[in-house]
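# Notes for the structure review
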Amino acid sequence: MHKKMLGMLLAGALMGSLLAGCGDGAQTGGDSGNTPSQEQGNDSQDGAGDEGQADDGAQGDEGAQGDEGAQTGGDAYIIAANTWGAGAYPLDDIVRNDQYLCDQLGLTLDVANNEFTADKVVSQLENQLANNPNAVLFLGMAETTFVPVVQAIDNKGIPYAFDSNFPGDQLMEKCIEDALCCGGVAAAPYDMGKAIAELAIADGHKTAVITAAAQGDYSHDNRILGFTETFEAAGGEVVQVSHSADPSEAVAKTNDLLTANPDVDCVYATGGDYLSAAVSIKEQRSDLKCALYGTDVDPSLIPAIQNGSVSAMNGGQGVCGSLALTLLINYLDGHQILDADGKAPFFVNLNPFIITAENADGFQKMYDAGENFVGMENFNKLLFRNNPDVSFDTYNEVLEGYAESVYSRLQ
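Residues numbered from 1 in each chain as written. Predicted model: local features only at pLDDT ≥ 70, side-chain atom pairs only at ≥ 80, totals over all residues. Heavy atoms only, no water.

### What to know about the environment of Gly-226
In this fold, Gly-226 is placed in helix α9 (residues 218-233). On the basis of relative accessible area, Gly-226 is assigned to the buried category, the value being 0%. Sequence separation of Gly-226 and Ile-196 is 30 residues, and the distance between their C-alpha atoms is 8.9 Å. Beyond its immediate stretch of four places on either side in the chain, Gly-226 contacts Tyr-190, Gly-193 and Lys-194. (Helix = DSSP H or I, 4+ residues; strand = E, 2+ residues; numbered from the N terminus. Buried < 20%, exposed > 50% of the residue type's maximum accessible area, 1.4 Å probe, protein only. Contact = heavy atoms within 4.5 Å.)

Structure representation (structure tokens):
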């Protein structure tokens, strides 16, 4: 992956969609940066070296042990993490996935709730670091937080990984060379828009409009680009793109969009709030015959696919943090994953799944059952303690096969 492309995954990449439905909700962490004080053992598992001594390119004492007082306790690791805020489905889904893996492995996940406030990110992290976690999993949603966060972690001397959003070019260059950086995992938003466009073309649509978050949101802008370039390359036309300053404008802006284009074949909503708005508007207006498509899966919209109101939606990228977490665990277990150049890997090839009328019932059952979409079979492939042959290539295989793996488990 070219560094320039990586650097484009700026903080705030998910901002538009993740702020959907933000409000008061159950909070974990808060200003106090509460960390469970869990006693940890002294022995690493399955191949970890003495005091965190790493093999196969992993870092030695400095990387796995950190500064004086940092804990190293085998598989009872404490992972400091954060969420941008509670109450928004995409954000809560990220935490659920992270917690699932930690519960399966007996790890402690300490999650600070940033309460949608950039100023709280660093102060809460500092509180967490004071309790000596083994590693940090960082979800960056404000560009200004990346530099002080990385600096604080480096000062502590413990490993870190990025969930979903990566820093800009200048800091990315430093992170790639940083012995404490374990990389990160993200989905490519361009490809998500492209996949929906391919489906809309296959369904026979020739004209489309797009309802999206404010311009400047990395994820939404690239979903728009992926959809538009693919749709128009196949002979279709994107007639108009509507942007909402925030999700509260979604209904009004989408209604205006459809009033101006009542005969359009299909609508692409680049986030869950915008798809929900389109569904609501279409239900109230008998003059609209357009098909609806969306990105960012929200299980509450699956019934709309089952009853034919929505043609398809794609997503499932809430697992990126839990996949990045395996990079940290491997580091702590003495087996750091490195790319072909011996550097920290930044994966942007998670292949999202698509929910359609043909598989909606199966997805509804999976969501109702609370199933994890990665599953321990795949997690175990990525964990050195359970797969001594895990490598950079193993990650590519699991990430690129993510959607097919989910489809195979549908009932």
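### Observations regarding the nonpolar core
Formed by 107 residues in total, the largest nonpolar core has its most connected members in Ile-79, Phe-162, Phe-353 and Ile-355. Among the elements that line this core, the one with the most residues is helix α13 (residues 320-332), at 9 residues. When neighbours within four sequence positions are excluded, Ile-79 is seen to be in contact with Leu-107, Thr-108, Leu-109, Asp-110, Ala-135, Leu-137, Leu-325, Leu-328 and Leu-332. By size, the runner-up hydrophobic cluster in this structure holds 16 residues, among which are Ala-197, Phe-231, Tyr-268 and Tyr-293. (Core = buried A, V, L, I, M, F, W, Y, C linked by side-chain atoms within 4.5 Å.)

### A closer look at the pattern of salt bridges
Counted by the stated rule, this structure contains 8 salt bridges. In this structure, Asp-93 and Arg-96 form a salt bridge, with 3.8 Å as the shortest nitrogen-oxygen distance. Within this pair, Asp-93 and its partner Arg-96 are both found in helix α4 (residues 89-105), separated by 3 residues, close to a single helical turn. By relative accessible area, Asp-93 is classed as buried at 18%. (Salt bridge = Lys/Arg side-chain N within 4 Å of Asp/Glu carboxyl O.)

### Side note on the side chain of Thr-254
Looking at the secondary structure, you find Thr-254 in helix α10 (residues 250-260). For Thr-254, the contacting residues outside a window of four places in its chain are Thr-211, Tyr-274, Ala-277, Ala-278 and Ile-281.

### Points about the sheet that holds strand β6 (residues 207-213)
One key point about sheets: their strands pair by backbone hydrogen bonds, in either a parallel or an antiparallel sense. Pairing is mixed in the open sheet, where 6 strands are placed in the order β7-β6-β8-β9-β10-β12. Among the strands making up the open sheet, the edge pair consists of β7 (237-244) and β12 (353-356). Sheet twist, expressed as the average angle between the axes of neighbouring strands with direction ignored, equals 15°. Direction of pairing for strand β10 (residues 312-315) relative to β12: antiparallel, over a ladder of 4 bridges. Residue pairing in the sheet places Asn-314 in a bridge with Ile-354 of β12. Running over the sheet, α10 touches β6, β7 and β8 (266-269) and is turned about 155° from β7. (Pairing = 2+ DSSP bridges. Axes fitted to C-alpha atoms, helices over the stretch in contact; angles between N-to-C directions.)

Nothing here speaks to function; it is all geometry.
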